[in-house]
Each structure stands twice: as C-alpha cells, then as structure tokens.
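# Examination of the molecular architecture
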Protein chains: 2
Amino acid sequence: MKTVSAVTDLRRERQTLSGTLGLVPTMGALHEGHLSLVRRAKAENDHVGVSIFVNPAQFNPNEDLSKYPHSLERDLQLLDNEGVHLVWTPTPDIVYPPGYQTYISVEEVARPLEGERRPGHFRGVATVVAKLFNAFTPHRAYFGQKDAQQVVVVKRMAADLNFPLEIVVCPTVREPDGLAMSSRNVYLNPQERQTAAVLYRALCAAKHAYDSGERRGDSLRAIMASAIAVEPLAQIDYVSAADPDTLAELQTVERGALLSLAVRIGNTRLIDNFLLTETPNSKLQTPNLRFGL
Amino acid sequence: MKTVSAVTDLRRERQTLSGTLGLVPTMGALHEGHLSLVRRAKAENDHVGVSIFVNPAQFNPNEDLSKYPHSLERDLQLLDNEGVHLVWTPTPDIVYPPGYQTYISVEEVARPLEGERRPGHFRGVATVVAKLFNAFTPHRAYFGQKDAQQVVVVKRMAADLNFPLEIVVCPTVREPDGLAMSSRNVYLNPQERQTAAVLYRALCAAKHAYDSGERRGDSLRAIMASAIAVEPLAQIDYVSAADPDTLAELQTVERGALLSLAVRIGNTRLIDNFLLTETPNSKLQTPNLRFGL
C-alpha cells in the first residue's frame, strides 16, 4: 500500500495502477461501514484507492471540525489489512492551496434536510468529491447509504457534470442494536449510546407502518417523531419522508420514499435513514400513473 | 471524422481513440482563430476533438444567444479539412437535461471586467467547460487568448478542481487591420467594421507607452480610453490594466499586466486584450521585490 500526500505523488502512483480503480472517499476515523465500502470496491475493481481527508469546506463555523475524531495510524493499518493499493492523505493546504476559489453547487437536492441545517455543507462535499474524482480518476466511487442526501447530491453532481465513472451506494452497516455506524458515535457517553438506537427504532416503526399499507407522509413522519419523543435524552432535528430523487417531502408515498431523520443525543447530532422501495404489493394497491400511462 | 450528439455516442467514439487527445471547445461559427487552435491541438496530440455548442448557460437574458451566428455544415467541413477526429454537437437538452442543477463558480477572478458586465457568464463557462473535460477526457484543452478572462477562469477552475489535463492558450488571430477574429464580427456593417480596428489601435498605443517605460495603470487606461474616444461610432464599456493572475486593476505595473477592453461598436460589443510580460529592460528599471528577496 502506497500512502501519499502531494497531488503529484498521487498522480504518479495512480498511473502505475492498470485496470480498473475503485475509490472510497473517507474522512478517516474508519469503522466497519468504511471497510464494507473498501471490500465492495476490492471485489469490483482491480485496484482500490482511499482518501482520508477531513474536509474543512463541508463543516460550518459552528460545527465539530476541530474535534472530529482522528486515528490515522490505525486507519492506515486497517486499509493495509484490506489490501488497499493507494491512500491519499492530503493536508488542507494541498486540497485548498492559497488562491483557491472554485466551488461546485448542486441546487434543489442540496437545499432541504441536512442542507437546510448545515449551510454550505453540500457545496463543500460536491467540491471535494469532484476534486477526488479528478485526482484519482476512478472507474467507480463508493459511498454509504448512511449519508443519504450526500448520495443524492453526489449522484446528481456526477451525472450533471458528466463524470466518467459509476457511483456505487452500499448499505448502512449497523451495530447489534441497530445504531448506524458513524465516526461521531465515539462522542456518545454510555447512556447516550444506549439512547442512540432510537433512530433505528423510529425508522423501523415507520417502515412497519409502510409495510402495513400506510402511505401518508404525515403519518410516517409522526410515527418517527413519536418514537423519538419517548427518549428524554433525544431531541428531534428533523424527520422526513421524501421523494428519493428530489428529496421533496411527500404527502403520499407513490413510488418509494426516503425516510430520514436527524436527532441530537446530548451534544451529538446523529442521522440515519431507510430507503423504502415500491413493493410488488404496493404496486398493485397504488398503481403508479407516471409509468402506467 | 465522426460527428456525434448523444453523450453515450461521444464516450463510445472517444474510447476508440488511443494515445493523446487535444480538445478544442467552440460555439461554432468557426474562423481562423478556432482553426489555429485546432492546428495547434493536432500538432501536439494523436487525436483532436472539437465541441460545437452555443451554451445557453453563459448568455444572460439580455444577450445575443438567439442571434448568435450558426454555420454547422460549414464548420464541420472546415474541421474535416483540418483532420479533426471527433466532433460533439449536442443540443441544449443533452448538455442540460431535465433536472439539471449543478453549477461551478470561480470566485475572485470571475468578478471584474466581463464578469461584472455579464452576470452568470463565467458560471456558465466554468460549468460547460468542466462538462466538456469530463465528456472528452482530453490530455490538453485549447483556448484563445482573445477571451483573456475566460482563460484565467478556466485555468483557475482546472487547477482548483485537479482536472488531469493541460490548458494550452493560443495567441489571438487578427485581421490585417488588427481586429481580433471573433464570431461576432459578422454583426458589423462596413462602417462599423472599419471602426472596429480601434480596439487594436488602443491596445497598441498603451503597449507603446509601456514599452517606453510607462508603468502607471491610470495612464495606460487613459491612453486606451483616448484612442477609442476619437471614434464617434465606438463606446467604451471598460478599459483595464490588471494583474494577469488576479485581474485586480493595477496602480503600478510591476510584473506584467493584462491590458483589456470592451467596446460597443453600434450594437455589437467587442473585446480584445494584450498580455504584457516583464521585459528584461523593465526588470532592470523596476526590480520585482517579490522575487528579488
């Protein structure tokens, strides 16, 4: 495994890798969720590249950039164990050198949910991801469904800008109690950690209702909100049942939905989601007129 | 020569081209300026790709998008004669399909001069150029010095976003009287056409003063303005003596300058520029402290 910092070193090492390359962008503090992306990339490509970069452009001034967890040595060991070929660990000055002034904005899909609560977040994400695509020139890039809106924004950006690669989305990896793996979980004290499984329980409750035929967006959102309200340590930031492509809140679920939520547990803000797809059963019950005509 | 419209066709034809590719982005209405880019690209690469696309995103509502000159058949014949391998002639719907929502903004260098007079212009330019880079994946891309600020914006964007290619800037091609070649020159009636050479004369006058030792930005700007003022058909939009990298107006020229101007001749707005570089003589007279320490 080669670990490089300078862009010129990255390009030189990249050129030695023939065949297909899978890229896994990360902010380090790796957990099983990241490793599942690496394994999928390894299975589908001749080589795997990983970036480790805590991107200042996607944190706003009130956020946890400075205390975001770091564990570079451990991260590199984990990636080496997985058979990763190339790791880029740039400093902020390498990614945003003096005079840097180019930013990529995705519009509609970056506005609600995380975009509304974290101004500038997705501009930072889209920009750094485009840079990673150009720096690694991968054939496929791997992202976790855990960050659902990020997936929508990155897919939109890659399609809109004609990036010549495939975006592969991998399932959220969970702890035994259902808590989605996240680098931010280390912020939780034991009591908060126990409470944190409420995000998963709320999503399960809404999915159960959906599977039983509930199609009203308000009801699905209310079910998630009620499930969280029972936990005194948990404070809802948002609950959402939205169109999976546009992220517009749904009145009625007709062709699948993204159930998502953001919850504060103490000082830690956690997000999670379920992507509900049309079931054969729901198709029979509510024929999709958009495709039915 | 292959001419394609769909992105999938472009990608398929691109893949058949081995070795290096030079890209020449154009809006059609080709003239000797464009052909000089094509010839340079041909000399420096195994294959040459050209795009012909009048990009709506870089025209604002008051501008001449609908009457921008078209001559596709003639353009394709000219490119075929030059030995171009691949031409992309997409429709606006192919470049900006329904749901399109991603834009690239370059900040400081896109603000003054053309950016100030044509709001949104460089956002449109940066976005479509990034798409062309991703669609063609060229090794080199060729731009004319005629559009000096576009060159600065595109270079900044390519560097900032780590595009894996080289930007090659080619000299402005001029008519015998000095008028810079431009697709918009066809708008000029015979009297206006005669007047239009005043842009070149103004630039020559300022360069002459510079070569004679004039280093005050105000004086260089005033010389250009005076040269244009003598032409009753010509109306100044701006005259500029700016830093070639930041495009900030200069009080004193210390390490070269971009002299540029925009002038209305009747209803037609023309631009032109000279890039003044440090001469050995000027170095002796005004040692550059930034490098001299």
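Conventions used here
- Residues numbered from 1 in each chain as written.
- Chains lettered and ligands numbered in written order.
- Predicted model: local features only at pLDDT ≥ 70, side-chain atom pairs only at ≥ 80, totals over all residues.
- Helix = DSSP H or I, 4+ residues; strand = E, 2+ residues; numbered from the N terminus.
- Buried ≥ 20, exposed ≤ 12 C-beta atoms within 10 Å, placed from the backbone.
- Pairing = 2+ DSSP bridges.
- Right-handed = clockwise from strand over helix to strand, strands pointing away.
- Domains from an automatic or database assignment.
- Nonpolar A, V, L, I, M, F, W, Y, C, P; charged D, E, K, R; others polar.
- Contact = placed C-beta atoms within 7 Å.
- Core = buried A, V, L, I, M, F, W, Y, C linked by C-beta atoms within 7 Å.
- Axes fitted to C-alpha atoms, helices over the stretch in contact; angles between N-to-C directions.
- Parallel < 35°, antiparallel > 145°, perpendicular 65-115°, else oblique.
- Left-handed = near helix turned anticlockwise from the far one by under 90°.
- Least-squares fit on C-alpha atoms with pLDDT ≥ 70 in both.

## Overview of unusual backbone geometry
- For A:Ala29, which is not glycine, the phi torsion reads 50° and is therefore positive.
- Here the phi dihedral of B:Asn162 falls at roughly 60°; this positive angle occurs in a residue that is not glycine.
- For B:Asn162, the position within the fold is in the loop between helix 7 (148-160) and strand 7 (166-170).

## Brief notes about the pairing of strand 2 (residues 21-26) of chain A
Residues and elements named next belong to chain A.
- Counting buried residues along strand 2, 6 of its 6 residues qualify, which places the element largely inside the surrounding structure.
- Covered by surrounding structure in strand 2 are Leu-21, Leu-23 and Pro-25 together with Gly-22, Val-24 and Thr-26, the residues of both alternating faces.
- Pairing of strand 2 with strand 3 (residues 47-52) involves 6 bridges; the strand directions are parallel. Residue pairing in the sheet places Val-24 in a bridge with Val-50 of strand 3.
- Handedness of the strand 2-helix 2 (residues 32-44)-strand 3 crossover: right-handed.
- Bridge analysis of strand 2 against strand 6 (residues 140-144) gives 2 bridges, and the strand direction is parallel. Paired with Gly-22 across the bridge in strand 6 is Arg-140.

## Here's the deal with the domain arrangement of chain A
Residues and elements named next belong to chain A.
- Here chain A is partitioned into domain 1 (2-170) and domain 2 (183-285).
- Between the C-alpha centres of domain 1 and domain 2 there is a distance of 26 Å.
- Looking at the side of domain 1 that touches domain 2, the element that brings in the most residues is helix 7 (residues 148-160), giving 3 residues.
- Here the residues of the side of domain 1 that touches domain 2 are counted per class, giving 8 nonpolar, 3 polar and 2 charged.

## Focus: the interface of chain B and chain A
- Contacts between the two partners involve 24 residues from chain B and, on the opposite side, 24 residues from chain A.
- If you list the elements that add at least two residues to the side of chain B that touches chain A, you get helix 1 (7-15), strand 5 (102-106), helix 6 (121-136) and helix 7 of chain B.
- Of the residues that constitute the side of chain B that touches chain A, the class distribution is 12 nonpolar, 6 polar and 6 charged.
- The sheet contact formed by strand 5 (residues 102-106) of chain A and strand 5 of chain B spans 5 bridges and is antiparallel. Directly across from A:Tyr103, in strand 5 of chain B, lies its bridge partner B:Ser105.

## Observations regarding the nonpolar core
- If you look at the biggest cluster of nonpolar residues, it comprises 157 residues, and the most contacted ones within it are A:Met224 and B:Met224.
- Filtering out sequence-adjacent residues up to four positions away, B:Met224 remains in contact with B:Ala202, B:Leu203, B:Ala205, B:Ala206, B:Val239, B:Leu259 and B:Leu261.

## As for the sheet that holds strand 1 (residues 2-4) of chain B
All names here are of chain B.
- Taken in spatial order, the 6 strands make up an open sheet running 1-4-3-2-6-7, and their pairing is parallel. Strand pairing shows two members of the sheet lacking a second neighbour, strand 1 and strand 7, which therefore form its edges. Across the sheet, the mean angle separating the axes of adjacent strands is 25° when strand polarity is ignored.
- Across the face of the sheet, helix 7 comes into contact with strand 6 (140-144) and strand 7 while running at roughly 170° to strand 7.

## Some words on the packing of helix 6 (residues 121-136) of chain A against helix 7 of chain A
Residues and elements named next belong to chain A.
- Viewed as axis vectors pointing N to C, helix 6 and helix 7 meet at an angle of 50°, and their least axial separation amounts to 10 Å. Our classification of the angle between helix 6 and helix 7 gives oblique. Helix 7 is crossed by helix 6, and the crossing has right-handed handedness. Contacts between helix 6 and helix 7 involve Phe-122, Val-125, Ala-126, Val-129 and Ala-130 on the former and, on the latter, Gln-150, Val-153, Val-154 and Met-157.
- Tallied by class, residues from the contact of helix 6 with helix 7 come to 8 nonpolar, 1 polar and no charged.

## Concerning the relation of the copies chain B and chain A
- When chain B is fitted to chain A, the best match, at an RMSD of 0.0 Å, comes from turning it 180° and sliding it 0.0 Å along the axis. On the angle and the small slide along the axis, the relation comes out as a two-fold axis. It is B:Ile104 whose C-alpha, among those of chain B, lies nearest the rotation axis, at 2.2 Å.
- Here 100% of the contact residues of chain B are again contact residues in chain A; the copies associate through an equivalent surface.

## Some remarks on the pairing of strand 7 (residues 166-170) of chain A
All names here are of chain A.
- Pairing analysis gives 5 bridges linking strand 6 to strand 7, with the strands arranged parallel. When the sheet's bridge partners are listed, Tyr-142 is paired in strand 7 with Val-168.
- Taking the sense of rotation as the criterion, the β-α-β connection linking strand 6, helix 7 and strand 7 turns out right-handed.

## Looking at the sheet that holds strand 4 (residues 86-88) of chain A
Residues and elements named next belong to chain A.
- The strand order 1-4-3-2-6-7 describes an open sheet built from 6 strands, whose pairing is parallel. The sheet is open, and its two borders are formed by strand 1 (2-4) and strand 7, each paired with just one other strand. Averaged over neighbouring strand pairs, the angle between their axes works out to 25° when direction is ignored.
- The strands touched by helix 1 (residues 7-15) are strand 1 and strand 4; relative to strand 1, the strand with the most contacts, the crossing angle is about 155°.
- In the packing of helix 3 (residues 72-81) onto the sheet, contacts are made with strand 1, strand 3 and strand 4, and the angle to strand 3 comes to roughly 170°.

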